[in-house]
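# Structural overview
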Protein chains: 2
Amino acid sequence: MEIVVLRYGHRHVRDYRVTTHCGLVSRALGAKKIIICGEQDLKIIENINKIKKNWGGDFELEFAESWKKTLKEYKKQGFTILHNTMYGIPLQKKIKEIRKAKKILIVIGSKKVETEVYHLSDYNIAVTNQPHSEIASLAITLDLLQDRKELEKEFSNSKIKIIPSENGKHVENSK
Amino acid sequence: MEIVVLRYGHRHVRDYRVTTHCGLVSRALGAKKIIICGEQDLKIIENINKIKKNWGGDFELEFAESWKKTLKEYKKQGFTILHNTMYGIPLQKKIKEIRKAKKILIVIGSKKVETEVYHLSDYNIAVTNQPHSEIASLAITLDLLQDRKELEKEFSNSKIKIIPSENGKHVENSK
């Protein structure tokens with residue numbers, strides 16, 4: 001399954017940390033790419049690229065000016081559009097059906113998502129119908145889509161690798 | 001299973017959004033309480049209490065000055081201490097064993113967690129050994145502990161309730 005994440009409505013400076021978290025979660029939990037819609041933010045690009053250089057893998061980051069154009073392009077390419085919203089149908093009720101898709105674009109928004117996002121999406125789905133966090137919703141969505149297999153993902157060409165340990169920090173550097 | 005979350009090292013202003021997300025995720029995904037260690041932040045208290053008033057449930061929020069005192073108190077009360085760290089053992093490898101605990105304190109940190117947290121914890125566990133987000137780690141940990149049952153949690157005494165819908169927003173208000 002190929003998964004791309006679209007971060008809707010990124011606001012420069014204000015959203016720096018939350019959007020960075022979204023990028024890192026996308027990478028760590030098995031998405032191929034994040035597309036950030038909003039003003040370009042060099043600090044985020046730098047940060048994610050640094051992680052990629054040290055920790056490996058082939059994760060991609062892109063900025064796009066228009067969420068609508070991006071969403072329509074991905075639809076044309078055969079992606080199933082999954083919009084994360086607390087107003088949607090609980091994800092676990094649709095997951096079997098959604099897992100059949102080979103290519104998925106997950107849209108994660110901020111508070112004011114335009115109505116058209118709801119209409120252009122194939123699924124409006126909720127990770128609980130309670131207010132919480134787009135970062136948590138994204139994580140649970142990635143986990144449900146891949147049925148926990150993303151937790152075992154390996155990253156190629158890493159310079160830094162953690163050797164899991166019961167107590168303390170064990171890091172392998174290959175520079 | 002009774003779950004409490006301890007947010008380690010909250011920094012006033014700088015961490016406002018991330019800590020608020022941690023609080024809302026704890027509530028939405030079935031924890032009973034969050035204890036925020038660091039400087040008291042009235043804006044967070046106000047925000048979480050407002051959510052609780054409108055959306056129901058009996059979630060609690062506390063500030064504590066000393067993480068160490070809090071952690072030791074919870075240990076004495078029979079809580080199993082689960083420290084989320086990317087250096088730890090993958091959570092999925094320990095989850096069967098951990099699920100036997102009746103009371104769990106999940107410790108989520110910032111970058112600089114003191115060594116003693118590792119030693120005082122019963123489990124140092126990782127949600128992937130990659131750098132990402134304490135919000136995502138918390139969400140996946142809550143989900144693994146409760147085996148997706150938290151996604152069905154109901155909140156009593158709510159003034160606002162979402163009626164899940166395929167397309168659009170359907171909200172029930174009972175004021």
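Because the structure is a prediction, the values reported are computed rather than measured.

Parameters and conventions
Sequence positions are assigned chain by chain, starting from 1 and proceeding in written order. To read the labels, note that chains go from A and ligands from 1, taken in the order they are written. For a predicted model such as this one, the threshold for reporting local features is a pLDDT of at least 70, and the threshold for listing and counting side-chain atom pairs is 80 or more; totals across whole chains, interfaces and linings nevertheless cover every residue. Segments assigned H or I by DSSP are reported as helices when at least four residues long, segments assigned E as strands when at least two residues long, and all are numbered from the N terminus. With C-beta atoms placed from the backbone, the exposure class of a residue follows from how many other C-beta atoms lie within 10 Å of its own: 20 or more, buried; 12 or fewer, exposed; in between, partly exposed. Residue pairs qualify as contacts under a 7 Å threshold applied to their C-beta atoms, which are placed from the backbone. Charged residues are taken to be Asp, Glu, Lys and Arg, nonpolar residues to be Ala, Val, Leu, Ile, Met, Phe, Trp, Tyr, Cys and Pro, and polar residues to be all remaining types, Gly included. Here an axis means a line fitted to C-alpha atoms, over the contact stretch when the element is a helix, while the angle between two N-to-C directions is reported on a 0 to 180 degree scale. Each angle receives one of four descriptions, namely roughly parallel if under 35 degrees, roughly antiparallel if over 145, roughly perpendicular if within 65 to 115, and oblique otherwise. Should the near helix be turned anticlockwise from the far one by less than a right angle, the crossing is left-handed, and should it be turned clockwise, the crossing is right-handed. Pairing between strands is defined by DSSP: at least two bridges between the two strands are required. Least squares is used to superpose the copies, and the fit set is the C-alpha atoms of residues whose pLDDT is at least 70 in both copies. To estimate the expected span of a helix, subtract one from its residue number and multiply by 1.5 Å. By convention, orient the strands away from the viewer: a clockwise path from the first strand over the helix to the second makes the crossover right-handed. On a range of 0 to 100, pLDDT expresses the predictor's confidence in each residue.

What chain A contains, in helices and strands, is six helices and eight strands. In chain A, the succession of helices and strands from N to C terminus is β-α-β-α-β-α-β-α-β-α-β-α-β-β. Its C-alpha atoms put chain A at 50 × 35 × 30 Å along the principal axes. For chain A, with 175 residues in total, the buried portion stands at 42%.

Moving on, we get to the interface of chain B and chain A. Counting residues at the interface gives 41 residues for chain B and 41 residues for chain A. Element by element, the count of residues in the side of chain B that touches chain A is highest for helix H1 (residues 16-28) of chain B, at six residues. Of the residues that constitute the side of chain B that touches chain A, the class distribution is 22 nonpolar, 14 polar and five charged.

As a further point, take the packing of helix H6 (residues 134-146) of chain A against helix H6 (residues 134-146) of chain B. At their nearest, the axes of H6 of chain A and H6 of chain B sit 8 Å apart, and the two run at 50° to each other. The angle between H6 of chain A and H6 of chain B falls in the class oblique. Considering the relative orientation of H6 of chain A and H6 of chain B, their crossing is right-handed. Here Ile135, Ala136, Ala139, Ile140 and Asp143 of chain A of H6 of chain A lie close against H6 of chain B, whose contacting residues are Ile135, Ala136, Ala139, Ile140 and Asp143 of chain B.

Residues and elements named next belong to chain B. Strand order in the open sheet made by the six strands is E3-E2-E1-E5-E4-E6, with parallel pairing throughout. The sheet terminates laterally at strand E3 (60-64) and strand E6 (123-126), the two strands that pair on one side only. Each adjacent strand pair in this sheet contributes to an overall mean axis angle of 30°, direction not counted. Note that strand E1 (residues 2-10) and strand E5 (residues 103-108) share six bridges and pair parallel. Pairing of Glu2 across the sheet is with Lys103, part of E5. Contacting E1, strand E2 (33-38), E3 and E5, H1 runs over the sheet at an angle of about 180° to E1.

Another aspect to go through is unusual backbone geometry. With phi around 75°, Arg148 of chain A is a residue other than glycine that occupies positive phi space. Positive phi outside glycine occurs at Asp147 of chain B, with the angle close to 50°. Under the C-beta neighbour-count criterion, Asp147 of chain B is labelled exposed, with 10 such atoms within 10 Å.

Mapping chain B onto chain A leaves a residual RMSD of 0.0 Å; the transformation is a rotation of 180° accompanied by 0.0 Å of translation along its axis. One copy is carried onto the other by what is essentially a two-fold rotation axis. Taking the C-alpha atom as reference, chain B places Ala136 of chain B closest to the rotation axis, 2.4 Å from it. In this assembly the copies share their binding face: 100% of the residues contributing to the interface of chain B also contribute to that of chain A.

Bringing H1 of chain B into the picture now. Residue and element names in this part refer to chain B. If you check H1, its first and last C-alpha atoms are 18 Å apart, about what 13 residues at 1.5 Å a residue would give, namely 18 Å. Of all 13 residues in H1, eleven are buried; the element is thus mostly enclosed. Every buried residue of H1 is listed here: Val18, Thr19, Thr20, His21, Cys22, Gly23, Leu24, Val25, Ser26, Arg27 and Ala28. Just beyond H1, the residue with positive phi is Gly30, at close to 90°.

Here we take up the sheet that holds strand E4 (residues 80-90) of chain A. All names here are of chain A. Spatially, E3-E2-E1-E5-E4-E6 is the arrangement adopted by the six strands of the open sheet, whose pairing is parallel. Every interior strand has two partners, whereas the edge strands, strand E3 (60-64) and strand E6 (123-126), have only one. Taking each pair of neighbouring strands and ignoring which way they run, the sheet shows an average axis angle of 30°. On the sheet, helix H3 (residues 67-76) packs against strand E1 (2-10), strand E2 (33-38), E3, E4 and strand E5 (103-108) and is oriented at approximately 165° with respect to E1. Contacts from helix H4 (residues 91-98) reach E4 and E6, with the element oriented near 160° to E4.

With that settled, the discussion passes to the pairing of E1 of chain B. Residues and elements named next belong to chain B. Most of E1 is tucked away, with seven of its nine residues classed as buried. Here E1 pairs with E2 via five bridges, running parallel. In the strand pairing of E2, His10 is matched with Gly38. Chirality of the crossover, the property in question, places the unit of E1, H1 and E2 among those that are right-handed.

Moving on, we get to the confidence of the model for chain A. The share of residues in chain A with pLDDT of 70 or more is 99%, and the mean pLDDT across the chain is 96. With a pTM of 0.97, the predicted complex shows an ipTM of 0.97.

Attention now moves to the environment of Arg7 of chain A. Residues and elements named next belong to chain A. In this structure, Arg7 sits in strand E1. Along the primary structure Arg7 and Ile108 are separated by 101 residues, whereas in three dimensions their C-alpha atoms are 5.2 Å apart. In contact with Arg7, not counting residues within four places along its chain, are Thr19, Cys22, Ile34, Ile35, Ile36, Cys37 and Ile108.

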